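Given next are the chains, with one letter for each unit.
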Amino acid sequence: QVQLVESGGGLVQAGGSLRLSCTTSGRTFSGYIMAWFRQAPGKEREFVAAMWWTGGNTYYIDSVKGRFTISRDNAKSTVYLQMNSLKPEDTAVYYCAARRGVVLATEVSNFDYWGQGTQVTVSS
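Residues numbered from 1 in each chain as written. Predicted model: local features only at pLDDT ≥ 70, side-chain atom pairs only at ≥ 80, totals over all residues. Heavy atoms only, no water.

A. Quick look at the pattern of salt bridges. Under the definition given, this model contains four salt bridges. A salt bridge links Arg38 to Glu46; the nearest nitrogen and oxygen atoms lie 2.8 Å apart. Classification of Arg38 by relative accessible area gives buried; the value is 7%. We classify Glu46 as partly exposed; its relative accessible area is 33%. A single salt-bridge network, built from bridges that share partners, covers Arg38, Glu46, Arg67 and Asp90. (Salt bridge = Lys/Arg side-chain N within 4 Å of Asp/Glu carboxyl O. Buried < 20%, exposed > 50% of the residue type's maximum accessible area, 1.4 Å probe, protein only.)

Okay, structure coming up:
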């Protein structure tokens, strides 16, 4: 059974930092693209960042470039999202997702596995 389990969310003041973790189990994710999405209240789920598990290339949306970093620890089968200089507009439930293949897609429907989400709240 494949599982993606997020953790690390919480309440932080604007300008602060959080590190989200996505612990995977049930299969190896080499050959997959790992991604973080977020969903704010009343809004659609939004792609944030991605990493190719094999090779380590990364991709970010413009609004988080220079502030967020996606990384992985192969030994722990875990993907991270380091979030610095947080802004109130970063407030959302953050989801980890996995897509089989090497072609990046940013639509929710293109991802095969999802975690349950972790809440990030940034106060002004």
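Once the structure has been displayed, the description carries forward.
B. Focus on the pairing of strand β4 (residues 32-39). For β4, the buried fraction is high: seven of the eight residues fall into the buried class. Here eight bridges tie β4 to strand β9 (residues 92-100), and the two strands are oriented antiparallel to one another. The partner of Ala35 across the bridge, within β9, is Ala97. Here six bridges tie β4 to strand β5 (residues 46-52), and the two strands are oriented antiparallel to one another. Note on β5: the bridge partner recorded for Trp36 is Ala49. Taking the residues that link successive antiparallel strands as the turn, the β4-β5 hairpin has six residues, and the phi of Gly42 there is positive, at about 80°. (Helix = DSSP H or I, 4+ residues; strand = E, 2+ residues; numbered from the N terminus. Pairing = 2+ DSSP bridges.)

C. Focus on the packing of aromatic side chains. This structure, assessed with the given rule, holds ten aromatic pairs. Ring centres 5.9 Å apart and planes at 40° place the aromatic pair Phe47 and Tyr59 in the tilted group. Placement of Phe47 in strand β5 and of Tyr59 in strand β6 (residues 58-60) is noted, with a sequence separation of twelve residues between them. Exposure remark for Tyr59: the relative accessible area of 39% places this residue in the partly exposed category. Feature note: the residues Phe37, Phe47, Tyr59, Tyr95, Phe111 and Trp114 constitute an aromatic cluster, connected by ring pairs. In this arrangement the basic side chain of Arg45 is found over the ring face of Tyr95, its NZ or CZ atom lying 3.6 Å from the centre. A cation over an aromatic ring shows up here: Arg45 above the ring of Trp114, its NZ or CZ 5.0 Å from the ring centre. (Phe/Tyr/Trp six-rings, centres within 6.5 Å; stacked < 30°, edge-to-face > 60°. Lys NZ or Arg CZ within 6 Å of the ring centre and 35° of its normal.)

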